[in-house]
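Spelled out, the chains give:
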Amino acid sequence: MNLNSIKIKRVFEEALASEIRKSFSEVIPDFNVFSREIHNSISTPRPEQGDLSSSICFALARLAKKSPMEIAHEMASKLETYLGKEDFTSRIKNENGYINLWLDEAEYSKHVLEAIFSEKEKYGISSIGSARKVIIEFPSVNPNKPWHIGHLRNALLGDSISRIFEANSYIVEREDYIDDLGLQMAEILWGREKFLHEDTKKYDTLLGEAYVEINKEITERHAEKEVNAILKKMEDTSSKESVEIRKISEKSVRAQYDTAFSYGIYHDVLVWESDIVREKLLKHAIDFLAEKKITQKCTEGKYAGCVVIANKEPGQATDAETDDEENRKVLIRSNGVATYLAKDLAFHMWKLGIIDCQFNFSEFIIQPNGKKAYTSSENGKAMGFGKADLAINIIGAAQQHPQNLLKRIFEEITGEQRILHLSYGEVSVKGGTLSGRKGGWIGTTKSYTADSLLEEMEKMTSDIVSNAEKPRSDIDIKEVSRKVALAAIKFEFLKTDPEKKVLFEWDKALDLNSNSGPYCMYMYARASRILERAGVGKEGIRLADADFKKITRGEDFMIIKQIGAMQETIEKACREYKPSIIATYVMELSLIFSNFYEKMPVLSGEEYRTLRTGIVMAVKQALFNMLCLINIDTTERM
RNA sequence: GGGCAUGUGGCGCAACUUGGAUAGCGCAUCUGGCUUCGGACCAGAUGGUUGCGGGUUCAAAUCCCGUCAUGCCCGCCA
C-alpha cells in the first residue's frame, strides 16, 4: 500500500476524531459537523514545527471552556498511543495550542522511494475519476485566422487539463469545434476573389490577413446584406457555398494544426458546424426541449413567433412571477433561424448523449504523436465519440453568462451538474485587444501569433544555448533550444491562475531570467548528470543498500515530503481544474532540489551515496511526471 | 442600472474554496560564494497598514456588509 500524504493525513484525522469523540462528545452538539472541522484543521506547518499540524484545540476550547494549551497538552499525550510504525508516525507534540505530528523520516523516506521506483511514470496518479468519460473542448478557433497568443492560452490550458484529468483516471476525449458556417466564414466567401490570393504564407495567416481587408471593405461598402445572403445559402449544406467554405476551412484548420503540433497539442475529434446542421441535430434538440416543456413558443409580445427559454443562471429562481418577457432568451428567431445558444444546446446534448444522433467520422490527420485525429464528415462511419459523463469547455471569461445559462438548462434536464466551464481571463496586448475582425493580432512590429511567439522565443534560447558560459558540445542545439523555448512559453502561460487576465508584452515574454520553465528543465538535466556520474544505469540502485538512518531534517527530507504529496497535488489540480497548481509544485520541487545538491554532496561520502543517489532518481522521476502534466518535455542535457 | 471577475513590497505572481503559528516565491536592487556532482546556480540583505472603511472571531489576505478602482458580460449577433 502506498502511504502518501493523503493517507497520512487521514490517519492523523482519524486519531484526532477518535480521541475527541472519547473526551469531548458531551460538549459537541453534532459530531458529523465537527468532524468536518477536524478535517479542515489539519495543515502543513513550517518544517521545524513538524510534518502535520492541527488547530482543532482552539475550536474545542470554546466548547469545553478550557484553554487551548491545556487541551492540546492533554490530547498530545493521549494521541501518543496512536503512533505506529506502520503509519510512519513517530512523535506528537503540542505547541501554543496546536497539535503537531512528526513522521519517522527514515521509514517514510524508504517507503516513498520504494513507491516511486516501482510505479515510475504512474507514481502520483489518482483514481478519483474512476473511468468516467469527460469530453474536453478546446480551443475552437474560427477557421479564418491563425492562432494568436490568446488562442494559445486556451489550447495550453485545454491540453494540460486533459492530461490532468487522465492522471486522475478519467477517460478523456479532446474535442475541437469548428464553426465553418459562421458570419466570419461568410465574409471570407464574399471577398475571397478580390482579397485572397495564393501565396507561400501559411494558409491560416493568409486567410487571417485577407479577412481583415475583407471586413474593412464590407463596412465601407455597407455590404452586410450581401454577406447575410451568403450566410443563408451556407445553411444548406449541399449548396456550393457551403461546400466551398468547408474546403477553405479544412485547409485553414490543417494550417492551425501545424501550430498545435509544434506546441505538442493534439486532439481526438473535430466536430464541424456544417455536419451538425446536416445531421439535423438542432431539430432533434429543439423537439426534445419542447417535449420536456423547457422551451415555449411565443405567440405575442416582443418575441412573437420565436421559440424561447428562461434566461436564468444556476441558483436563480425560475418561478412564475419573475418569468416575464425580459427573462427570456431566444432560441429560434421569428424568421426560423436558430441562435448560437440553440446550436450550443444541441451540441451539448450530443456531447452528453442526451439525444441520440449519430455522426459519421473519418480520419482527419495522423498527428506527430502517432495518434489519429478524426473529424465529423458526410461520409465515413459511426464511431464512439460523444456520450460523455462530463463536458468541460475551455472558454474565455467573456462567455461566462451564456455558459452559465447552458449549465443551468442542463441541470434542469439531467438533474445534475455535468457541464463545467473553465473560464480564463483574456490575453490583451499594450495597444488593445487581439481582435480577429480588426486584426489586432497582426501587431505593429511582430505579429501576436502562436507561431511567431515560438519563433522569437527560439531565437532567444538558441542564442543562450550556443553562448552558454560553459558551452556543451554534446547536445543538439536546435533540438534543445526548441524544447527550452516551449518550456518557457508553456510555463509562463500555465503558472498563472486561469482566472487572471494577462497583458502580453514582448520584452517580458522573452525575458528568460524571470521564467521558471527552463529552470525546472535545468534541474532535471542536473539530476540526470549526477546519476550519470554516479554510474546509475537502467537497472537503477539497490534500495536495500541505502542507509535511511542518514536522512536528516534538511532538504533531503523536504524532497521526500514533496514527492509524497504528489498525488494530493494532482487531485487538487483536477478538482479545481488549475494547471497552475502543478506548475507551482514543479517549481517548489526544483527549488528544494537545487538547495539539496548544493548542500548535500551525493557522490562523495560512501555512507550517504546510495541514499542520496536514490533521492536524485526520485526527483528526476517526479519532475518528469509533473512536467508531463503541463506538457513540458525534459532533456538529459542542456 | 444589473451581474461576474480582479486588486497582495518597484514589477510579476502564490496563499482565499476549507480562517490558524513569523503573508510565501521569482524578477529588479545591494553584499557574498566556483582547483568541489554543470553558474540557466546558491547564500544573505533591503523592501508589505494584503485597494479603502466597518463587522464576526481567541484568531481575518481568507468569512460578512459597505465602498473605490480596473476589465468583461447583459441583442430575434456569433
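Residues numbered from 1 in each chain as written. Chains lettered and ligands numbered in written order. Predicted model: local features only at pLDDT ≥ 70, side-chain atom pairs only at ≥ 80, totals over all residues. Heavy atoms only, no water.

(A) Representation of the overall build of chain A in the model. A count of helices and strands for chain A gives 22 helices and 16 strands. Counting across all 638 residues of chain A, residues that qualify as buried make up 55%. Counting only contacts in chain A whose residues sit at least 6 apart along the sequence, the fraction spanning at least 24 positions is 75%. Between the mean site of the 89 positive side-chain charges and the mean site of the 98 negative ones, chain A shows a separation of 1 Å. (Helix = DSSP H or I, 4+ residues; strand = E, 2+ residues; numbered from the N terminus. Buried < 20%, exposed > 50% of the residue type's maximum accessible area, 1.4 Å probe, protein only. Contact = heavy atoms within 4.5 Å. Lys, Arg positive; Asp, Glu negative; His and termini not counted. Charge placed at Lys NZ, Arg CZ, Asp CG, Glu CD.)

(B) Representation of the packing of aromatic side chains in the model. With the rule as written, the count across this model stands at 18 aromatic pairs. Between Tyr374 and Phe385, the aromatic rings sit 5.9 Å apart at their centres with planes inclined by 50 degrees, giving tilted as the arrangement. Residue Tyr374 is found in strand 12 (residues 372–377), and its partner Phe385 is found in the loop between strand 12 and strand 13 (390–396); the two are separated by 11 residues along the sequence. Residues Tyr374 and Phe385 agree in their burial class; the two are buried. When the ring of Phe504 is compared with that of Trp506, the centres are 5.2 Å apart and the planes differ by 85 degrees; the resulting orientation is edge-to-face. Taken as a pair, Phe504 and Trp506 share a single burial class, namely buried. (Phe/Tyr/Trp six-rings, centres within 6.5 Å; stacked < 30°, edge-to-face > 60°.)

(C) Geometry of the pairing of strand 3 (residues 89–95). Two elements, strand 3 and strand 4 (residues 98–103), share six bridges in a ladder whose sense is antiparallel. By the bridge assignment, Asn94 is partnered in strand 4 with Ile99. Between strand 3 and strand 4, which pair antiparallel and follow one another directly, the connecting turn spans two residues, one of which, Asn96, has a positive phi of 55 degrees. (Pairing = 2+ DSSP bridges.)

(D) Local environment of the protein's contact with RNA strand B. Taken together, 56 residues are adjacent to RNA strand B, and Ser53, Arg333, Lys500, Tyr522 and Tyr597 come closest. Near the protein, within 4 Å, the atoms of RNA strand B are sugar or phosphate in 55% of cases. Measuring from a phosphate oxygen of RNA strand B, one finds a backbone N or O atom of Asp497 at 3.1 Å. Secondary-structure elements contributing two or more residues to the surface near RNA strand B are helix 3 (56–64), strand 4, helix 18 (516–533) and helix 21 (579–599). Here the element with the most residues in the surface near RNA strand B is helix 18; it accounts for seven residues. (Near = heavy atom within 4 Å. Polar contact = N/O pair within 3.5 Å; in protein donor to acceptor, adjacent residues only side chain to side chain.)

(E) Quick look at the nonpolar core. Ile20, Ile563 and Phe593 are the most contacted members of the largest nonpolar core, which totals 146 residues. Looking at this core element by element, the count peaks at 11 residues for helix 22 (residues 606–629). Filtering out sequence-adjacent residues up to four positions away, Ile20 remains in contact with Ser25, Ile28, Phe31, Phe34, Ile38, Ile56, Leu60 and Met75. Ranked by size, the runner-up nonpolar core spans 38 residues in total, among them Ala285, Ile286, Leu406 and Ile409. (Core = buried A, V, L, I, M, F, W, Y, C linked by side-chain atoms within 4.5 Å.)

(F) Local environment of empty space enclosed by the protein. Summed over the entire model, instances satisfying the criterion amount to four cavities of 30 Å³ or more. Looking at the largest cavity, its volume works out to about 70 Å³. As for the largest cavity, its lining consists of Val11, Phe12, Ala15, Leu79, Tyr82, Leu83, Thr89, Ile92 and Leu101. Secondary structure elements with two or more residues in the lining of the largest cavity: helix 1 (5–24) and strand 3. A total of three residues in the lining of the largest cavity trace back to one element, the largest contributor, which is helix 1. Across the lining of the largest cavity, the residue classes tally to eight nonpolar, one polar and no charged. Considered as a void within the structure, the second largest cavity measures approximately 40 Å³ in volume. In this structure, the second largest cavity is lined by Tyr177, Ile276, Tyr340, Lys343, Asp344 and Phe347. Among the elements that line the lining of the second largest cavity, the one with the most residues is helix 13 (residues 340–351), at four residues. Across the lining of the second largest cavity, the residue classes tally to four nonpolar, no polar and two charged. (1 Å grid on protein atoms, 1.4 Å probe; cavity = no way out; pocket = protein on both sides within 12 Å on 5 of 7 lines; lining within 4 Å. Points joined across faces, edges and corners; volume = space filled by probe spheres on them. Nonpolar A, V, L, I, M, F, W, Y, C, P; charged D, E, K, R; others polar.)

(G) Summary view of the sheet that holds strand 5 (residues 133–137). The seven strands are arranged 11-12-7-6-5-13-14 in an open sheet whose pairing can be described as mixed. The sheet is open, and its two borders are formed by strand 11 (360–366) and strand 14 (419–424), each paired with just one other strand. Across the sheet, the axes of successive neighbouring strands diverge by a mean angle of 25 degrees, strand direction being ignored. The pairing of strand 11 with strand 12 spans six bridges and is classified as antiparallel. The partner of Ser362 across the bridge, within strand 12, is Thr375. (Axes fitted to C-alpha atoms, helices over the stretch in contact; angles between N-to-C directions.)

(H) Highlighting the packing of helix 1 against helix 3. For the pair helix 1 and helix 3, interaxial distance at closest approach is 13 Å and the crossing angle is 10 degrees. Overall, the two elements helix 1 and helix 3 adopt an arrangement that is roughly parallel. In this structure, helix 1 contributes Leu16, Ile20 and Phe24 to the contact, and helix 3 contributes Ile56, Leu60 and Ala64. For the contact of helix 1 with helix 3, the residue count by class is six nonpolar, no polar and no charged. (Parallel < 35°, antiparallel > 145°, perpendicular 65-115°, else oblique.)

(I) Region of interest: the pairing of strand 7 (residues 269–272). Going residue by residue along strand 7, you find Val269 and Val271 tucked away on one face and Leu270 and Trp272 tucked away on the opposite face as well. Pairing of strand 6 (residues 171–178) with strand 7, which is carried by four bridges, proceeds in the parallel orientation. Bridging across to strand 7, Glu175 finds its partner in Val269. Bridging between strand 7 and strand 12 involves two bridges; their strand directions are parallel. Each residue of the ladder has a partner; that of Leu270, found in strand 12, is Thr375.

(J) Structural view of the layout of surface pockets. Space inside the largest pocket adds up to approximately 1400 Å³. Along its surface, the largest pocket is lined by 45 residues, and Ser140, Asn142, Lys145, Gln184 and Gln399 are the ones closest to its centre. Those elements that place two or more of their residues in the lining of the largest pocket are helix 6 (149–167), helix 7 (183–195), helix 9 (224–234), helix 13, strand 13 and strand 15 (427–429). Looking at side-chain class alone, the lining of the largest pocket contains 16 nonpolar, 18 polar and 11 charged residues.

(K) Broad picture of the domain arrangement of chain A. Its domain assignment divides chain A into domain 1 (5–103) and domain 2 (450–629). Using C-alpha coordinates to define each centre, domain 1 is positioned 35 Å away from domain 2. With seven residues of domain 1 at the interface, the matching set in domain 2 holds eight residues. Taken together, the two surfaces of domain 1 and domain 2 that pack against each other cover about 670 Å², and 44% of this comes from carbon and sulfur. When the buried area of domain 1 at its contact with domain 2 is split by residue, Ser5, Ile6 and Asp51 rank highest and sum to 58% of it. Linking domain 1 with domain 2 are three salt bridges, by the criterion used here. Of the charged contacts in the structure, one is a salt bridge between Asp51 and Arg553, with a shortest N-O distance of 2.9 Å. Linking domain 1 to domain 2 there are six residue pairs in polar contact (both at pLDDT 80 or more). Of all the secondary-structure elements, those providing two or more residues to the side of domain 1 that touches domain 2 are helix 1 and strand 4. Sorting elements by how many residues they give to the side of domain 1 that touches domain 2 places helix 1 first, with three residues. (Domains from an automatic or database assignment. Buried area = accessible area lost by both parts, 1.4 Å probe. Salt bridge = Lys/Arg side-chain N within 4 Å of Asp/Glu carboxyl O.)

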